[in-house]
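Residue-level listing of the chains:
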Amino acid sequence: MTNQSEQWTSKIGFILAAAGSAIGLGAVWKLPYVAGTNGGAAFFLIFILLTLTLGVSLLLAEFILGRSTGKDAIQAYKTAAPGTPWYFVGLLGIAASFLLLSFYSVVGGWIVIYFVRSITGQLSPPDGNFELLFESITANPLEVGLAHLAFMVMAVLVVQTGIQKGIERASKWLMPALFILFIIIVIRSVTLDGAMEGVAFFLQPDFSEVTGETFLFALGQAFFALSLGVSVMVTYSSYVPKRESLTRSAGSIVGLSLFIALLSGLAIFPAVFALGFEPSEGPPLIFIVLPAVFNELAFGTFFFALFAALLLFATLTSAFSLLEILIAPFTKKDPSKRKKVAWTSGLLVYLMGIPSALSFGILSDWLIFGDIFFNQMDYLVSNILLPLGALLISLFVPWKISKSVLRDELLQGSNLGSGFFSTWLFMLRFVTPLAIIIVFLYVLGWLPGIGPTI
Ligand code: PFF
């Protein structure tokens, strides 16, 4: 075992690892609340379009950079462009992963709480109000802090030893189980009285509310949900055998991710309207709505516990990738340091996450630029750092790697022709960077038409 990163990806299998990283809270927790506060269907449509265009091209770009160099987040840039400062993009990815995991693990902790409470029968809300239940949970710093800690410990325990074979076997069953359970919730949700208003909110776009910021949020969501912009996918693809088709892998990951996003919207919004909640609840949305939906289901508590366990698993596999990217550069040369580095990184991430964890409780009055710490951290990572990382990658890959390498890597193992290659290259070289820059400029108010939104 000379190379722990190799061990990680070769054992779990590339698609499983990459899909495990992609599918997590992004589609299940973040998409519903961001769509809920940004106009519903119009947002969702823009998100799908951005995923299928910019998302797919960038995912392929990160895959190609990883596989052609065979290196991790920092070394990949150093290998492809020696002697240049481009490895800064890898460093930016590591910083973004650190901040992302700091609040991601807080939400992971909430799932732990809901899971434990569902099996110990402590999920019945005061006065039947699930909003109050969430508030009372997050108001308790001890419960939130311990759950947050439990989540980080689980992540570190797995990552410190490298991924076990068990995870691969487990994800083969647990991921499909999560999908099936989701379908059950969708059926329950859309058959609730008054559900159609929610279906319309999610599927009938109203573009009158769309602003520059809607695009920024949709862009951030597209990158977040596919784990793009932080070089996680570069690291993961660095051990993919040459004969594997990268386009096929990208296709299945994007397909799965969009499918779960659709299920999640159809599970949440009909219930939001039918049960009298507000779509604009923000980050607590699914923690308020889902327990209420399960409450309407026969054996609801049992199904809820199962759902929480499966979601926890999906969240952990994403957390593994974020932690892996943090520790890889330090353990590459000396794998014996892996344990120490994993625990130290886990501790630092935990400490960084504390203000986010307390944002919904004792720090709820502590506002930074008018919003709670948690939301600002999420905004910084999702809407600034990920698009910025994506922009730099879309400039780096098509201009710094030779066209022949790009073509070989892209078309290897697939029957797609050079038309596909030229379209992809054009997307990456011109459309992707321009689109990201335009969205940034709109949001800053530097382009006419849409005023400053931040
Ligand atoms: N894609 C993950 C999700 O949707 O939950 C979040 C994520 C993981 C983002 C890893 C970025 C990343 F590098």
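Structural data are supplied above this passage.
A few points on the structure.

1. Looking at helix α17 (residues 373–400)
Now for step 1: Between its first and last C-alpha, α17 extends 38 Å over 28 residues, near the 40 Å set by a 1.5 Å rise per residue.
Now for step 2: Within α17, the axis deviates most sharply at Leu-385, by approximately 30°, and proline Pro-387 lies no more than four positions further along.
Now for step 3: Burial of α17 is extensive: 21 of the 28 residues sit out of reach of the surface.

2. Quick word on the environment of Thr-37
Now for step 1: Assignment of secondary structure puts Thr-37 in helix α3 (residues 25–37).
Now for step 2: In this structure, the C-alpha to C-alpha distance between Thr-37 and Thr-214, residues 177 residues apart in sequence, is 9.5 Å.

3. Digging into empty space enclosed by the protein
Now for step 1: Going through the model one piece at a time under the given rule, you end up with three cavities of 30 Å³ or more.
Now for step 2: For the largest cavity, the calculated volume is near 140 Å³.
Now for step 3: Around the largest cavity, the lining is made up of 17 residues, and of these Ser-21, Leu-100, Phe-224, Ser-227 and Leu-322 lie nearest the centre.
Now for step 4: Of all the secondary-structure elements, those providing two or more residues to the lining of the largest cavity are α2 (14–22), α3, α6 (88–119), α11 (212–225) and α15 (300–331).
Now for step 5: Residue contributions to the lining of the largest cavity peak at three residues, all from α15.
Now for step 6: Of the residues that constitute the lining of the largest cavity, the class distribution is eleven nonpolar, six polar and no charged.
Now for step 7: Put simply, the second largest cavity is a space of about 60 Å³.
Now for step 8: Looking at the lining of the second largest cavity, the elements that each hand over two or more residues are α6, α14 (285–295) and α15.
Now for step 9: Looking at which element gives the most residues to the lining of the second largest cavity, the answer is α15, with four residues.
Now for step 10: Here the residues of the lining of the second largest cavity are counted per class, giving nine nonpolar, no polar and no charged.

4. Some details on the layout of surface pockets
Now for step 1: By volume, the largest pocket amounts to about 510 Å³.
Now for step 2: Within the residue set of the lining of the largest pocket, elements represented by two or more residues are α3, α11 and α17.
Now for step 3: Counting residues per element, the lining of the largest pocket draws most heavily on α17, which supplies nine residues.

5. Some words on the packing of helix α4 (residues 41–69) against helix α13 (residues 246–274)
Now for step 1: Two elements in contact, α4 and α13, have axes separated by 10 Å at closest approach and are oriented at 150°. Between α4 and α13, the angle is such that the two are roughly antiparallel. In terms of crossing hand, the pair formed by α4 and α13 is right-handed. Across the interface between the two elements, Phe-44, Phe-47, Ile-48, Thr-51, Leu-52, Val-56, Leu-59, Leu-60, Phe-63, Ile-64 and Arg-67 from α4 touch Leu-246, Thr-247, Ser-249, Ala-250, Ile-253, Val-254, Leu-258, Ala-261 and Leu-262 from α13.
Now for step 2: A per-class count over the contact of α4 with α13 returns 16 nonpolar, three polar and one charged.

6. With respect to the site of the ligand
Now for step 1: If you check the shell around the ligand, you find 15 residues, and the closest are Leu-25, Gly-26, Tyr-104, Phe-224 and Val-230.
Now for step 2: Ala-22 places a main-chain nitrogen or oxygen 2.9 Å from a nitrogen atom of the ligand.
Now for step 3: Backbone polar atom of Phe-224 to a nitrogen atom of the ligand: 2.7 Å apart, as the coordinates give it.
Now for step 4: Relative to its unbound accessible area of 340 Å², the ligand is 100% covered by the protein chains.
Now for step 5: Using a 2 Å cut-off from the grid points, one finds that the ligand occupies the largest cavity.
Now for step 6: When contributions to the shell around the ligand are tallied by element, the ones reaching two or more residues are α2, α3, α6, α11 and α15.

7. Concerning the packing of aromatic side chains
Now for step 1: In this structure the tally under the stated criterion is 30 aromatic pairs.
Now for step 2: Both rings, one in Phe-134 and one in Phe-360, keep their centres 6.2 Å apart while their planes meet at 80°; by these two values the pair is edge-to-face. Remark: Phe-360 occurs in the loop between α16 (338–357) and β1 (367–368) and Phe-134 occurs in helix α7 (residues 130–138); sequence separation between them is 226 residues. No difference in accessibility class separates Phe-134 from Phe-360, as the two residues are buried.
Now for step 3: Between Phe-201 and Phe-269, the aromatic rings sit 5.1 Å apart at their centres with planes inclined by 55°, giving tilted as the arrangement. With Phe-201 in helix α10 (residues 196–203) and Phe-269 in helix α13, this pair connects stretches of sequence that are 68 residues apart. Both residues of the pair, Phe-201 and Phe-269, belong to the buried class.
Now for step 4: Cation over ring: Lys-30 sits above Phe-224, and NZ or CZ is 5.1 Å from the ring centre.
Now for step 5: Sitting above the plane of the Trp-399 ring, Arg-429 keeps its charged end 4.2 Å from the centroid.

How each quantity is defined
Residues numbered from 1 in each chain as written. Predicted model: local features only at pLDDT ≥ 70, side-chain atom pairs only at ≥ 80, totals over all residues. Heavy atoms only, no water. Helix = DSSP H or I, 4+ residues; strand = E, 2+ residues; numbered from the N terminus. Expected span 1.5 Å × (residues − 1). Bend = angle between axes of the 7 residues up to and from the residue. Buried < 20%, exposed > 50% of the residue type's maximum accessible area, 1.4 Å probe, protein only. 1 Å grid on protein atoms, 1.4 Å probe; cavity = no way out; pocket = protein on both sides within 12 Å on 5 of 7 lines; lining within 4 Å. Points joined across faces, edges and corners; volume = space filled by probe spheres on them. Nonpolar A, V, L, I, M, F, W, Y, C, P; charged D, E, K, R; others polar. Axes fitted to C-alpha atoms, helices over the stretch in contact; angles between N-to-C directions. Parallel < 35°, antiparallel > 145°, perpendicular 65-115°, else oblique. Left-handed = near helix turned anticlockwise from the far one by under 90°. Contact = heavy atoms within 4.5 Å. Near = heavy atom within 4 Å. Polar contact = N/O pair within 3.5 Å; in protein donor to acceptor, adjacent residues only side chain to side chain. Areas by Shrake-Rupley, 256 points an atom, 1.4 Å probe, with all protein chains shown as cover. Sits in = over half its atoms within 2 Å of the grid points. Phe/Tyr/Trp six-rings, centres within 6.5 Å; stacked < 30°, edge-to-face > 60°. Lys NZ or Arg CZ within 6 Å of the ring centre and 35° of its normal.

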